[in-house]
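Descriptive analysis of the structure
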Amino acid sequence: MDVTLNMILDYIAKEEVITLDHIHTHVGFSDIRVYYPGIHANPSYLYYHESPAFQPPDAFEACCFVHPIRETQEASAHHHKCILCLCEGGKLLELLQDCFLTYRSWYVDMNRKILEGGSLQELIDISQKIITNPIVIDDAGFRILAFNQERMSQLDDYESTFQVTHRYHSASYVASITSNPIFLRNLKNRHKPFIHHYDFLPHPSIYAPIFFQEKLIGFLTIIGHYMDLTQGMLDFAGILVELLSRAMRYSGVTPYRNSPEDNILLRLIKGEGYDAQIDAVFLEKAGVTPDNLYYIALLRFVPHLDVLISIQQRLIQALEHLLKSKVLADNDTILILVQDKRVPYAQFSGIIDEFSRANGFVVGLSLPFRGVENASYFYRQAACCLTWCQSKDFPGTRCFFYGRFVLYDVLSHFGTSAELAAIKHPALAILESHDQNKVGELKKTMEVFLDCGNDVLKAARQLNIHKNSLYYRLAKISEMTGIDFDNSAVCSHLCLSLSIERMQEISTSSTVLEIT
């Protein structure tokens, strides 16, 4: 959101900072920047500079500057847009930064609460960052009324007292407002907030119409003294009613729901079918046949990101378009049943990678299969990927194939930790002890070499060493442990042992992967 000039002036005025505003146009800013030579001009930023005598380059002609001044200084004419503030520079910059932070935080919190289906009172409560002690009246026929409780205590007219006491409108107020043609015409014709003093209230108010799909569905009223009803408060009311219009749109909305047919398909994929004959008929109608090759992708947002309703809905629509596949909501994940003919298995990662980075999620991918008779096994494979990828071993990766975790998965069902430890090749302990005492990297060298399929050149590049250095290390490993890297059975045992170690590290780790 943009913070308007008037909202900024209101914010710093509350701190008793006197401002000399030389701008008479309605402008808004996305953030504040400290000016220094060489930066690029951007009219959407408010620029801070210590010297009020400063004249910016021509490139900044469309930009607005704010300067601190002292009482002894006189305001001088400027050729650029500027705001002069009677304040110490450090305090002014801190105030402006707090201003942008406050409004941005309020806007984000409002959107989050709207998408969570928050009540009107909850939304207005969040606005305490801007309006002191707001209270709300949600009355039939008016839908929304919000005002400042602190100011209302100073307004001793009958209607204000009645509203604070009873939390709804008096009969006389309802009769007056609904029969006033000027008020009704203003609400209908003015799509932006306005200040007016109607004869049925002894004080002026800000009235902000709320529209949904071009229909007037209510209005927000901010009641206060003249000193409260500033242009900055009008600008704020405009943003607030825009958010409240969005709240009407999301009112009663629950997280994305599959159609009844898609719910049946989801149950079948998860192995929760009803009747084999009925299931077969349904699958045929859904276009899922035993002859086609499929695979399952499970999508989940990375940790620390809120899965909001609108994001899930938008992603499902975007993924359906991108992959031409069946996309289903599955609690906190999204399930994609991909037909290999449309998106080949080997190409999936390349297609989804950029999209997943842009939208902040990871993907677990099952092995390919035909039909959905045993789809529950493959659903579990995709879920297994999402479970095992929560480790520091895989920074930056977005798409996880089950083949990468198959050993972890098998070993996790094998036996106790003691039984798994007994399987490990003794060479691992020997190399680990050597590396700790000599500060070496023999164990890591062996691990990379085996992961690279015993390819010397590939392993040397990954270790960032010369191939001759790698040959030297491998010879030393063989000398210490008796390992023969030409023996495939020994190499398989070593790979299995390393997988056991990785699995145990992942299982005991309390750190969750953070993907940037």
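Overview of the structure. (Residues numbered from 1 in each chain as written. Predicted model: local features only at pLDDT ≥ 70, side-chain atom pairs only at ≥ 80, totals over all residues. Heavy atoms only, no water.)

Looking now at the overall build of the chain. Looking only at helices and strands, one finds 20 helices and 18 strands in the chain. Buried residues in the chain amount to 47% of all 516 residues. By element, 51% of the accessible surface of the chain is carried by carbon and sulfur atoms, the whole surface being about 26900 Å². (Helix = DSSP H or I, 4+ residues; strand = E, 2+ residues; numbered from the N terminus. Buried < 20%, exposed > 50% of the residue type's maximum accessible area, 1.4 Å probe, protein only. Areas by Shrake-Rupley, 256 points an atom, 1.4 Å probe, with all protein chains shown as cover.)

Moving on: the packing of helix α16 (residues 427–438) against helix α17 (residues 442–451). Following both chains from N to C, one finds α16 and α17 inclined at 135 degrees, their axes separated by 7 Å at the closest point. With respect to their mutual orientation, α16 and α17 come out oblique. Where α16 abuts α17, its residues Leu-428, Leu-431, Glu-432, His-434 and Asp-435 lie against Leu-442, Lys-443, Lys-444 and Met-446. In terms of residue class, the contact of α16 with α17 is built from 4 nonpolar, 1 polar and 4 charged. (Axes fitted to C-alpha atoms, helices over the stretch in contact; angles between N-to-C directions. Parallel < 35°, antiparallel > 145°, perpendicular 65-115°, else oblique. Contact = heavy atoms within 4.5 Å. Nonpolar A, V, L, I, M, F, W, Y, C, P; charged D, E, K, R; others polar.)

A few words on the pattern of salt bridges. Within this structure, the stated rule accounts for 7 salt bridges. As a salt-bridge pair, Asp-109 and Arg-112 come within 3.6 Å of each other at their nearest N and O atoms. Of this pair, Asp-109 and Arg-112 both sit in helix α2 (residues 89–115), 3 residues apart, roughly one helical turn. Of the residues examined, Arg-112 reaches a relative accessible area of 29% and is grouped as partly exposed. Among the charged side chains, a salt-bridge network with shared partners connects Lys-424, Glu-432, Lys-443 and Glu-501. (Salt bridge = Lys/Arg side-chain N within 4 Å of Asp/Glu carboxyl O.)

Let us look at the packing of aromatic side chains. Under the criterion given, the structure shown has 18 aromatic pairs. Residues Tyr-35 and Phe-65 carry aromatic rings whose centres are separated by 5.7 Å and whose planes lie at 70 degrees to one another, so their mutual orientation is edge-to-face. With Tyr-35 in the loop between β4 (31–34) and β5 (45–48) and Phe-65 in strand β6 (residues 64–69), this pair connects stretches of sequence that are 30 residues apart. Both residues of the pair, Tyr-35 and Phe-65, belong to the buried class. (Phe/Tyr/Trp six-rings, centres within 6.5 Å; stacked < 30°, edge-to-face > 60°.)

Read these as geometric descriptors, not functional statements.
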